[in-house]
Amino acid sequence: MSRIQVAGESPYDVVVGTGVLGELPALLGGAGTVAVVHAEGLPEIARPVCGALADAGHEVHPLPVPDGEAGKDVKVLAGLWSSFASLGMTRTDAIVGVGGGATTDLAGFAAATWLRGVRAVLVPTTLLGMVDAAVGGKTAIDIPEGKNLVGAFHPPAGVLCDLATLVTMPREDYVSGLAEIIKAGFIADPRILELVEDDPEAAGGPDGPHTLELVERAVTMKARVVSEDLRESGLREILNYGHTLGHAIEKVEGYRFRHGDAVAIGMVYAAELARLAGRLGDDAVARHRTVLTAVGLPTSYAAEAWPSLREAMRIDKKARGAKLRFVVLDDVASPGLLEDPDEELLRRAYAQVAR
C-alpha cells in the first residue's frame, strides 16, 4: 500500500494497493447517511463497500447508475438528487462513488452540487479511473454538445485504488486506461515510457511486474500538477495532452469509443502538430506510435471524419474564445501550448493520422 497526498486548499490522500477498502470508514467519520453511487454492473464490488460502511455504523444506501458514459447524463444526475432528498441527506452526510471514471465523475458532481457540496470518497475500479478521473477534484457530466462541459471542481475526502479490482477488467478496457499512464510519461515522467517499452505485453495487463509502479507514478505526477493548479489556470492544462482531438472523437462516436483509445490517437495528432510547427523532433513523434502500438492502442482514425472532428473541436472547454489551444511537446517531458494554429496546419497534422 502506498499513500500519495494531493495538496491544496482541501488536501487528501490517494491510497494505492491491494485490499485498501479498510481505509474507507475512517474517511467518513461523522456521516450518518452514506449514499453509495455505483455502476450497476459492479454489484460484487459495491457489496463489500456497503458492508464495510454498515459495519462501521453508517446508514448505507446503494444507488446503482448506468455503466460508462451513459451514467454521466443530466437525467441520471437528477435521479440522484431526488434520491438524496428522499433519504434526507444533510451536509454532514456523504457520497461514495464506486466504478470507472464515468461513475466517479458523476458521483463527484452529485456531491459537489447537493446542498452546494457534501463529502465524497471515490473508489475507482478501472485503470483509467485510478490514474485519471478520480484524482484531481474535477467532476462533470456530458451533454449532447460535448463531453464534460458541465462540471465543478470538488476535491474528494479521499481516493482508494484497490488494484485487486483490475484483475477482472477486460484486456481492451485495461489497455485503454494505459493510454493515460503513457500520457503521463510523455508530459512529465519518461521512466513510465521506459517501463512500458521494457515489456509492452506485461504492461498491457494488471498482473505485469510494473503495474503498481506505473499506477503510482501516474498518480504521483497528477497529484503534483493538481496540487499546484486545482482549477486549471495554468500548469494543469498539460494534463489535456491528446484530449482536444480525443474528446472530439468521443463526441463524433456518440461516446461509444473508449476514452483511452481516443486520447491515444489524440496524442499522435498533437505530436504531428508539434512536428509540423517545428517544435518536436521526428524521433519523439515516432516514439508515440511505437509505444502506443506496442500495447495495442490505436494511432489513426478515419480520413473522412475530419470535418466532423473539426466542428466538434470548436466547442471545447480548453478553447479561449474562438481560439483553439493544444497541449504539445517541445520534447519528451517538456510540454507547452500551441495557441490558435492555422487551419492548414490542423488539416496537415490530421492527414498524418488519417487512415
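Summary of the structure given here. (Residues numbered from 1 in each chain as written. Predicted model: local features only at pLDDT ≥ 70, side-chain atom pairs only at ≥ 80, totals over all residues. Heavy atoms only, no water.)

A word on unusual backbone geometry
- In the Ramachandran plot, Leu115 falls in the positive-phi region, its phi being about 55 degrees despite a non-glycine side chain.
- Look at Leu115 and you get partly exposed, because its relative accessible area is 35%.
- One non-glycine residue, Tyr255, lies in the positive phi region at around 60 degrees.
- Looking at the secondary structure, you find Tyr255 in the loop between helix H10 (243-252) and helix H11 (259-276).
- Judged by its relative accessible area of 18%, Tyr255 is buried. (Buried < 20%, exposed > 50% of the residue type's maximum accessible area, 1.4 Å probe, protein only. Helix = DSSP H or I, 4+ residues; strand = E, 2+ residues; numbered from the N terminus.)

Looking at the pattern of salt bridges
- According to the stated counting rule, one finds 24 salt bridges in the structure shown.
- Among the salt bridges present, the one from Arg3 reaches Asp13, with a minimum N-O distance of 3.7 Å. Here Asp13 lies in strand E2 (residues 12-17) and Arg3 lies in strand E1 (residues 2-6), a separation of 10 residues in the sequence.
- Taking the shortest distance from any N to any O, the salt bridge between Glu201 and Arg171 comes out at 3.4 Å. Of this pair, Glu201 sits in helix H8 (residues 200-203) while Arg171 sits in helix H6 (residues 171-187), and the two are 30 residues apart along the sequence.
- By relative accessible area, which is 39% here, Arg171 ends up partly exposed. (Salt bridge = Lys/Arg side-chain N within 4 Å of Asp/Glu carboxyl O.)

Examining H11
- In this model, H11 (18 residues) spans 26 Å end to end at C-alpha, consistent with the 26 Å of a helix rising 1.5 Å per residue.
- With 16 of 18 residues buried, H11 lies mostly within the body of the structure. (Expected span 1.5 Å × (residues − 1).)

Some thoughts on the pairing of E2
- Of all 6 residues in E2, 5 are buried; the element is thus mostly enclosed.
- Relative to E2, E1 is paired through 5 bridges, and the arrangement is antiparallel. Counted as the bridge partner of Arg3 is Val15 from E2.
- Counted between consecutive antiparallel strands, the loop separating E1 from E2 contains 5 residues, among which Gly8 sits at a positive phi close to 125 degrees.
- Judged from the 4 bridges that link them, E2 and strand E9 (residues 158-162) form a sheet pairing that is parallel. Note on E9: the bridge partner recorded for Val14 is Val159. (Pairing = 2+ DSSP bridges.)

Focus: the side chain of His288
- On the secondary structure map, His288 appears in helix H12 (residues 282-294).
- A residue is classified by how much of its surface remains accessible, and His288, at 0% relative accessible area, is buried.
- Of the polar contacts made by the side chain of His288, one reaches the side chain of Tyr241; its length is 2.8 Å.
- In contact with His288, other than residues within four places in its own chain, are Phe186, Tyr241, Met267, Val268, Ala271, Leu280 and Leu329. (Polar contact = N/O pair within 3.5 Å; in protein donor to acceptor, adjacent residues only side chain to side chain. Contact = heavy atoms within 4.5 Å.)

Re the nonpolar core
- Among the nonpolar cores identified, the biggest contains 81 residues, and Val14, Ile182, Tyr241, Tyr269, Leu309, Phe326 and Tyr350 are the most heavily contacted of them.
- If one sorts the elements of this core by residue count, H11 sits on top with 11 residues. (Core = buried A, V, L, I, M, F, W, Y, C linked by side-chain atoms within 4.5 Å.)

Focus on the packing of aromatic side chains
- Evaluated as defined, the whole model comprises 6 aromatic pairs.
- Look at Phe84 and Trp114: their rings are 5.6 Å apart centre to centre, the planes differ by 70 degrees, and that puts the pair in the edge-to-face class. Here Phe84, found in helix H3 (residues 74-87), pairs with Trp114, found in the loop between helix H4 (101-113) and strand E6 (119-124); they are 30 residues apart in sequence, far enough to count as distant. Accessibility classification places Phe84 together with Trp114 in one group, the buried group.
- On the basis of an interplanar angle of 45 degrees and a centroid distance of 6.2 Å, the ring pair of Tyr269 and Trp306 is categorised as tilted. (Phe/Tyr/Trp six-rings, centres within 6.5 Å; stacked < 30°, edge-to-face > 60°.)

As for empty space enclosed by the protein
- Evaluation of the coordinates by the stated rule reveals 5 cavities of 30 Å³ or more.
- Size it by volume and the second largest cavity reaches roughly 60 Å³.
- Broken down by secondary-structure element, the contributors of at least two residues to the lining of the second largest cavity are H4, E6 and strand E7 (138-143).
- With 3 residues, H4 is the largest single contributor of residues to the lining of the second largest cavity.
- For the lining of the second largest cavity, the residue count by class is 6 nonpolar, 5 polar and 2 charged. (1 Å grid on protein atoms, 1.4 Å probe; cavity = no way out; pocket = protein on both sides within 12 Å on 5 of 7 lines; lining within 4 Å. Points joined across faces, edges and corners; volume = space filled by probe spheres on them. Nonpolar A, V, L, I, M, F, W, Y, C, P; charged D, E, K, R; others polar.)

Some thoughts on the side chain of Thr299
- Within the secondary structure, Thr299 sits in the loop between H12 and helix H13 (306-314).
- In contact with Thr299, other than residues within four places in its own chain, are Ile265, Val268, Arg289, Leu292, Thr293 and Val353.

Quick word on the packing of helix H7 (residues 190-198) against helix H9 (residues 211-228)
- For the pair H7 and H9, the least separation of the axes is 10 Å and the interaxial angle reads 160 degrees. One finds that H7 runs roughly antiparallel with respect to H9. Note on packing geometry: the crossing formed by H7 with H9 is left-handed. On H9, the residues touching Arg191, Ile192, Leu195 and Val196 of H7 are Glu213, Leu214, Arg217 and Ala218.
- Its residues placed into classes, the contact of H7 with H9 shows 5 nonpolar, no polar and 3 charged. (Axes fitted to C-alpha atoms, helices over the stretch in contact; angles between N-to-C directions. Parallel < 35°, antiparallel > 145°, perpendicular 65-115°, else oblique. Left-handed = near helix turned anticlockwise from the far one by under 90°.)

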